[in-house]
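Chain and residue survey
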Amino acid sequence: QVQLVESGGGLVQPGGSLRLSCAASGSIFSINAMGWYRQAPGKQRELVATITSAGITNYADSVKGRFTISRDNGKNMVYLQMNSLKPEDTAVYYCNAESCGSSWCTNSWGPGTQVTVFS
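Residues numbered from 1 in each chain as written. Predicted model: local features only at pLDDT ≥ 70, side-chain atom pairs only at ≥ 80, totals over all residues. Heavy atoms only, no water.

Met34, Trp36, Leu80, Met82 and Tyr93 are the most contacted members of the largest nonpolar core, which totals 29 residues. Elements supplying a minimum of two residues to this core: strand E1 (2-7), strand E3 (18-26), strand E4 (31-39), strand E5 (46-51), strand E7 (67-72), strand E8 (77-82), strand E9 (91-100) and strand E11 (113-117). Excluding residues within four positions of it along the chain, Tyr93 makes contact with Glu6, Leu20, Trp36, Tyr37, Arg38, Val48, Phe67, Leu80, Met82, Gly112, Thr113 and Val115. (Core = buried A, V, L, I, M, F, W, Y, C linked by side-chain atoms within 4.5 Å. Buried < 20%, exposed > 50% of the residue type's maximum accessible area, 1.4 Å probe, protein only. Helix = DSSP H or I, 4+ residues; strand = E, 2+ residues; numbered from the N terminus. Contact = heavy atoms within 4.5 Å.)

Bringing the state of the cysteines into the picture now. Tallying each qualifying case throughout the model produces two disulfides. Disulfide pairing is shown between Cys22 and Cys95; the S-S distance is 2.1 Å. Of note, the bridge from Cys22 to Cys95 carries an S-S torsion of about -85° and is left-handed in sense. Here Cys22 is found in strand E3, whereas its partner Cys95 is found in strand E9, with 73 residues between them in sequence. The pair formed by Cys22 and Cys95 is uniform in burial state, with each residue classed as buried. Bridging Cys100 to Cys105, the disulfide has an S-S length of 1.9 Å. (Disulfide = S-S within 2.5 Å.)

Moving on, we come to the sheet that holds E1. Taken together, the four strands give an open sheet; going across it, the order is E1-E3-E8-E7, and neighbouring strands pair in antiparallel fashion. Strands with a single pairing partner mark the edges of an open sheet, and in this sheet they are E1 and E7. Here the strands of the sheet are splayed against their neighbours by 15° on average, with no regard to which way each runs. Relative to E3, E1 runs antiparallel, the two sharing six bridges. Note that in E3 the partner of Val2 across the bridge is Gly26. (Pairing = 2+ DSSP bridges. Axes fitted to C-alpha atoms, helices over the stretch in contact; angles between N-to-C directions.)

Written as structure tokens, this is what we have:
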């Protein structure tokens with residue numbers, strides 16, 4: 001079992017920056033990819049960015065060039081640097097970890113952190 005806790009959300013004006021952090025604990029040896037997802041009110045949860053254990057990254061088109069995902073395997077942390085924030089980035093941001101064993105894979109989620117971009 002993997003436990004995830006996010007931090008770093010808050011209020012920011014358009015054009016501003018925030019850095020989200022996610023701390024992983026528990027069965028961290030089984031973690032492969034980690035990522036960030038977000039869910040705005042009335043919308044489905046959507047992928048923001050993912051990063052594999054080898055450091056390969058993937059981004060949603062809407063955040064490319066503005067957001068950067070990074071990972072510190074030694075500290076069991078994943079980060080999301082968000083620059084040039086827009087009101088449409090407002091959402092609850094969730095940390096995700098994919099864990100796999102010899103014959104199974106499962107996803108773990110953090111409780112989420114609110115990001116609000118307002119004028």
